[in-house]
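# A look at the structure
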Amino acid sequence: MRKISAGLFISLDGVVEAPDQWHFPYFNDEMGAAVGATFDSADTMLFGRRTYDSFAGAWPEREAAGGEDAGFAKQLGDVRKIVVSRTRLEFEWRNSEQLEGDLVEVVTALKNEEGGDIALSGSVSVVRQLLAAGLLDELHLLVHPIAVRKGMRLFEEGEPAVPLTLISAETFRTGVLSLVYGPGGEGAGPRALG
């Protein structure tokens, strides 16, 4: 069975919207390694449409430019990219396709296929649905030491509780916390951190 991991930039007050407006002062080699690790074993990525548009608008050009992040850009271009959208989409970025059918059913089938891991970056609405369906194996949160005070939060009020178990925790030099959570039942204690 394939593992599904999601990575999000998040503020201290839980905001995940528009991280391009607040996260860059905290980006360093530690964060780059943490972000890269989410993709290293993945051969498939799931995207919400807005996150896909953002990636497709930047990474193909970075790959073509051949700069210092061209290797990572090529890695993103080479993986299978499945975009969740109710609107019919046209794709120019290689290896991109639209999810056909019900998200939970399709992702359940993908998870049971042979292959590498499945990764998500951003795509909050997709992350929420996969968490609710019990399909997400790891939630990687890079908690930034800033209160953004406005914008969409990862968890909305009024929704059922989502118990999680801490898998690992690391503090970066910038004060960013790298937290990895897995599914956890109510009252589940933390796993041993190593």
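Structure shown above.
Let us look at the structure shown here. (Residues numbered from 1 in each chain as written. Predicted model: local features only at pLDDT ≥ 70, side-chain atom pairs only at ≥ 80, totals over all residues. Heavy atoms only, no water.)

### As for the overall build of the chain
- In terms of regular secondary structure, the chain is built from 6 helices and 8 strands.
- Reading the secondary structure of the chain in the N-to-C direction produces β-α-β-α-α-α-β-β-α-β-α-β-β-β.
- Relative to the 2.2 N^0.38 estimate, which gives 16 Å for 194 residues, the radius of gyration of the chain is 16 Å and therefore close to what a compact globule would have.
- C-alpha extents for the chain along the principal axes are approximately 45 × 40 × 35 Å. (Helix = DSSP H or I, 4+ residues; strand = E, 2+ residues; numbered from the N terminus. Rg over C-alpha atoms; globule rule 2.2 N^0.38 Å.)

### Observations concerning the sheet that holds strand β4 (residues 96-98)
- Within the open sheet, the 8 strands sit side by side as β4-β3-β2-β5-β1-β6-β8-β7. Their pairing is mixed. Looking at which strands have only one partner, the edges of the open sheet turn out to be β4 and β7 (164-171). The average angle at which neighbouring strand axes cross in this sheet is 25°, direction not considered.
- The pairing of strand β1 (residues 4-11) with strand β5 (residues 117-121) spans 4 bridges and is parallel. Of the residues in β5, the one forming a bridge with G7 is S121. (Pairing = 2+ DSSP bridges. Axes fitted to C-alpha atoms, helices over the stretch in contact; angles between N-to-C directions.)

### Remarks on the layout of surface pockets
- Computed from the structure, the second largest pocket encloses a volume of approximately 230 Å³.
- R128, L131, A132, L154, F155, E156, E159, P160, A161, V162 and P163 are the residues that line the second largest pocket.
- Counted by class, the lining of the second largest pocket contains 8 nonpolar, no polar and 3 charged residues. (1 Å grid on protein atoms, 1.4 Å probe; cavity = no way out; pocket = protein on both sides within 12 Å on 5 of 7 lines; lining within 4 Å. Points joined across faces, edges and corners; volume = space filled by probe spheres on them. Nonpolar A, V, L, I, M, F, W, Y, C, P; charged D, E, K, R; others polar.)

### Brief notes about the pairing of β5
- For β5, a buried count of 5 out of 5 residues is recorded, marking the element as mostly surrounded by other parts of the structure.
- With 4 bridges connecting them, strand β2 (residues 42-48) and β5 associate as parallel partners. Its bridge partner being in β5, A42 is matched across the sheet by D117. (Buried < 20%, exposed > 50% of the residue type's maximum accessible area, 1.4 Å probe, protein only.)

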